[in-house]
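Observations on the three-dimensional arrangement
Spelled out from the first residue to the last, the chains are:
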Amino acid sequence: MKYAIVGTGARHAMFRDAITTTHGHAAELVALCDINDHRLALSASRVPGQTGNGVATYRPEQFAQMIAEQKPDTVIVTVPDYLHHAYIVAAMRAGCNVITEKPMTTDLPRLKDILDAQNETGKRVSVTFNYRYTPARTQIKDLLASGVIGDVVAVDFSWHLDRVHGADYFRRWHREKDKSGGLLVHKSTHHFDLVNWWLGSVPQSVSARGRLAFYTPQTADRLGLSGRGARCHDCPVAHRCDFRMELEADENLRALYLDAEQHDGYHRDRCVFADDITIEDTMQVGVAYRNGAMLNYTLCAYSPWEGLEIRFHGTRGELTHKHVEVHGVFGGRREAPAGEAMTTRIHVAGEPPRSVEVWAGEGDHGGADPIMLGYLFDPQAMPADRYGRSSTHLDGAWSILTGIAANKAMSSGQTTNIATLLEENGLSL
Ligand SMILES: NC(=O)c1ccc[n+]([C@@H]2O[C@H](COP(=O)([O-])OP(=O)(O)OC[C@H]3O[C@@H](n4cnc5c(N)ncnc54)[C@H](O)[C@@H]3O)[C@@H](O)[C@H]2O)c1
């Protein structure tokens, strides 16, 4: 199978390397496309076994030419979120299947474009929900399906981004709501997808509150960071800031972003305390699902620790899962990083609580990424997937609908009914 990748930033390297190394016998990378000539050439030079531009490279305005000349079967979309839809639609209309990074897109008009194009072309859109493949999270699906806690009636779910990982969403395009949909779309698409998949259901109505509480000029002033600059690179107080990102000190960040700035003015290290941030850093969401289950969800982006806690309340008992994570994001200072730790416990009514041996895996995102890449690029070599982890445009849509509905609920102060939202926007799923 032939692949082309659009967007040669940080994330695309995982796909490029999987196609050209681990799964090179089953997959072929034929082209790369990006708006930034430096990143494009850098990626091409890193394709193993090639020197220089061994793989064909194209600029965005040459997208149609790229498809015509290189004839990829599948286009992989790894551009910023608000641009996904344009390439997903163009690829399908040009006869290609699509693998897209999450979130599938950021708002309802873009979602409509994708669903219309998919409907008209019948092409396949796979959304890379790698979190489903984390063995510990697959195990939760397995345990819930076993019926050990009975029917799941309610879920308490909190996701904690620490001050290193969390801060990174406030440096670049993620921090603009019209570019990422805010964290309830950009980040929580993973979490809401997990809940949809675990429960085997879809959201029906959503209430939400949220605000920007920490990544503000007031916090910076409180930390004694007055006189700060617009970005870390030339900030006069960077040496005193625990949140600084040192692009020049990291070989990969320098090559990918600092050395590429002259081409597009994309600054990877903007001040996390700037006054033009339009996303929230603290959010609470309540969701009612079609099967009657209920969810309480919290996302905090400046937590003292990184990880997640989840509790399923079932008719026979409770299942709890906690993961203390270490995330490999650059920039900022992490106090005494804790080691990875995962626990899963089951407490059936009338029995003592018991710990379950947590399924483990090797690789990024708790062992998720290598498994997902196997199913994407060499499915014949993988065991049949009894957990239904591969995801389509429908999973992509349902996972962002919770966040989009929550954004609406935050601004209106009203509960958002998803059926009404879909109808008002000419969408049906
Ligand atoms: N699943 C995960 O765990 C995970 C992790 C990281 C990122 N992501 C997703 O991957 C995507 C990319 O994130 P990233 O961190 O690599 O971002 P990035 O900013 O590092 O890279 C984006 C690339 O897109 C290019 N680009 C911008 N506009 C373009 C255009 N019009 N046409 C073609 N190329 C263009 C940029 O030049 C850049 O090279 C995002 O959607 C993000 O949500 C997913």
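Residues numbered from 1 in each chain as written. Predicted model: local features only at pLDDT ≥ 70, side-chain atom pairs only at ≥ 80, totals over all residues. Heavy atoms only, no water.

Regarding the overall build of the protein chain
Let me state the cut-off plainly: Helical segments are the DSSP runs of H or I of at least four residues, strand segments are the runs of E of at least two, and each set is numbered from the N terminus. Note that the radius of gyration is over C-alpha atoms, with the globule rule given as 2.2 Å times the number of residues to the power 0.38. Contact criterion: two residues are considered in contact whenever any of their non-hydrogen atoms come within 4.5 Å of each other. Only the protein chains shown count as cover for residues, and the accessible areas themselves come from Shrake-Rupley with a 1.4 Å probe. For the purpose of counting charges, residues Lys and Arg are taken to be positive, whereas Asp and Glu are taken to be negative. His and the chain ends are not included. A single reference atom marks each charge: NZ on Lys, CZ on Arg, CG on Asp, CD on Glu.
Each helix and strand counted, the protein chain has 15 helices and 15 strands in total. Here the C-alpha atoms of the protein chain give a radius of gyration of 22 Å, agreeing with the 22 Å that 2.2 N^0.38 yields for 429 residues. For the protein chain, the C-alpha atoms occupy an extent of roughly 65 × 55 × 45 Å along the three principal directions. In the protein chain, 74% of the contacts between residues at least 6 apart in sequence involve partners at least 24 apart. For the protein chain, the computed accessible surface area is about 17,900 Å², with 48% contributed by carbon and sulfur atoms. Looking at charge distribution, the protein chain has the averaged site of its 44 positive side-chain charges lying 2 Å from that of its 52 negative ones.

Let's talk about the sheet that holds strand S1 (residues 2–6)
Inclusion rule: For two strands to be treated as a pair, DSSP must find no fewer than two bridges joining them. The axes used here are C-alpha line fits, helices contributing only the stretch in contact, and every angle between their N-to-C directions lies in the interval 0 to 180 degrees.
Here we have 6 strands laid out as an open sheet, ordered S3-S2-S1-S4-S5-S6, and parallel in their pairing. In the strand order of this sheet, the two ends are held by strand S3 (56–58) and strand S6 (125–127), each with one partner. The average undirected angle you get between the axes of adjacent strands in this sheet is 20°. The pairing of strand S5 (residues 97–100) with S6 spans 3 bridges and is parallel. Counted as the bridge partner of threonine 100 is valine 127 from S6. Contacts from helix H2 (residues 37–45) reach strand S2 (28–33) and S3, with the element oriented near 165° to S2.

Re the nonpolar core
For clarity, the cut-off: Within this scheme, the nonpolar core is defined by two criteria: the residues are buried Ala, Val, Leu, Ile, Met, Phe, Trp, Tyr or Cys, and they are joined through side-chain atoms within 4.5 Å. For the exposure calls, accessible area comes from a 1.4 Å probe over protein chains only, and a residue counts as buried if that area is under 20% of its type's maximum, exposed if over 50%, partly exposed in between.
Membership of the largest hydrophobic core comes to 100 residues, with the highest contact counts inside it found for Phe157, Trp198, Tyr215, Phe273 and Phe312. The element contributing the most residues to this core is helix H14 (residues 393–412), with 9 residues. One finds Ala18, Tyr133, Ala368 and Met372 within the second-largest nonpolar core, a separate group that totals 21 residues.

Considering the site of the ligand
Operational definition: When we say a residue is near a molecule or strand, we mean one of its heavy atoms is within 4 Å of it. Any N or O atom pair separated by 3.5 Å or less is treated as a polar contact, with the protein-specific requirement of one donor-capable and one acceptor-capable atom, and with residues adjacent in sequence counted only for side-chain atom pairs. All domain edges in this entry derive from an automatic or database-based domain assignment.
By nearness alone, 28 residues border the ligand, and Asp34, Asp81, Tyr87, Tyr257 and Tyr266 come closest of all. In this structure, a nitrogen atom belonging to the ligand sits 2.7 Å away from a side-chain N or O atom of tyrosine 87. Lysine 102 is positioned such that a nitrogen or oxygen atom in its backbone is 3.0 Å from an oxygen atom of the ligand. When residues are assigned to domains, the shell around the ligand turns out to be shared by domain 1 (2–127) and domain 2 (131–214 + 277–362 + 390–424), each giving three or more.

A look at the pattern of salt bridges
For clarity, the cut-off: Salt bridge, as used here: a side-chain nitrogen of Lys or Arg that lies within 4 Å of a carboxyl oxygen of Asp or Glu.
Counted under the stated rule, the structure contains 27 salt bridges. Where arginine 93 meets glutamate 120, a salt bridge forms, and the shortest distance between an N and an O atom there is 2.9 Å. Taken together, the residues arginine 93 in helix H4 (residues 84–93) and glutamate 120 in helix H5 (residues 108–121) connect sequence positions 27 residues apart. Owing to a relative accessible area of 57%, glutamate 120 belongs among the exposed residues under this scheme.

Comments concerning the domain arrangement of the protein chain
For the protein chain, the assigned domains are domain 1 (2–127), domain 2 (131–214 + 277–362 + 390–424) and domain 3 (217–264). Here the C-alpha centroids of domain 2 and domain 3 sit 30 Å apart.

Details of the sheet that holds strand S13 (residues 341–348)
Taken in spatial order, the 9 strands line up as S14-S13-S12-S11-S7-S10-S9-S8-S15 in an open sheet, and their pairing is mixed. Two strands lie at the open edges of the sheet, namely strand S14 (354–356) and strand S15 (416–417), each paired on one side alone. In terms of strand pairing, strand S8 (residues 203–211) meets strand S9 (residues 282–289) through 8 bridges, oriented antiparallel. Residue pairing across strands places alanine 208 opposite valine 285, the latter belonging to S9. Running over the sheet, helix H9 (residues 188–199) touches strand S7 (152–162), S8, S9, strand S10 (294–303) and strand S11 (307–314) and is turned about 155° from S10.

Remarks on unusual backbone geometry
In this structure, the amide linkage connecting lysine 102 to the following residue, proline 103, adopts the cis form with an omega of -20°. Mapped onto the fold, proline 103 is located in the loop between S5 and H5.

Observations concerning the packing of helix H6 (residues 135–146) against H9
Defined as follows: By the definition adopted for this analysis, an angle is roughly parallel if under 35 degrees, roughly antiparallel if over 145, roughly perpendicular if from 65 to 115, and oblique otherwise. Less than a right angle of anticlockwise turn of the near helix away from the far helix marks a crossing as left-handed, whereas a clockwise turn marks it as right-handed. Following the grouping adopted for this structure description, the nonpolar residues are Ala, Val, Leu, Ile, Met, Phe, Trp, Tyr, Cys and Pro, the charged ones are Asp, Glu, Lys and Arg, and the polar ones are all others, Gly among them.
In contact at an axis separation of 9 Å, H6 and H9 are set at 30° when each is read in the N-to-C sense. One way to sum up the angle between H6 and H9 is to call them roughly parallel. Seen along the crossing, H6 lies across H9 with a hand that is right-handed. Two secondary-structure elements touch here, H6 through Arg137, Thr138, Ile140, Lys141 and Leu144 and H9 through Leu194, Trp197 and Trp198. Its residues assigned to classes, the contact of H6 with H9 shows 5 nonpolar, 1 polar and 2 charged.

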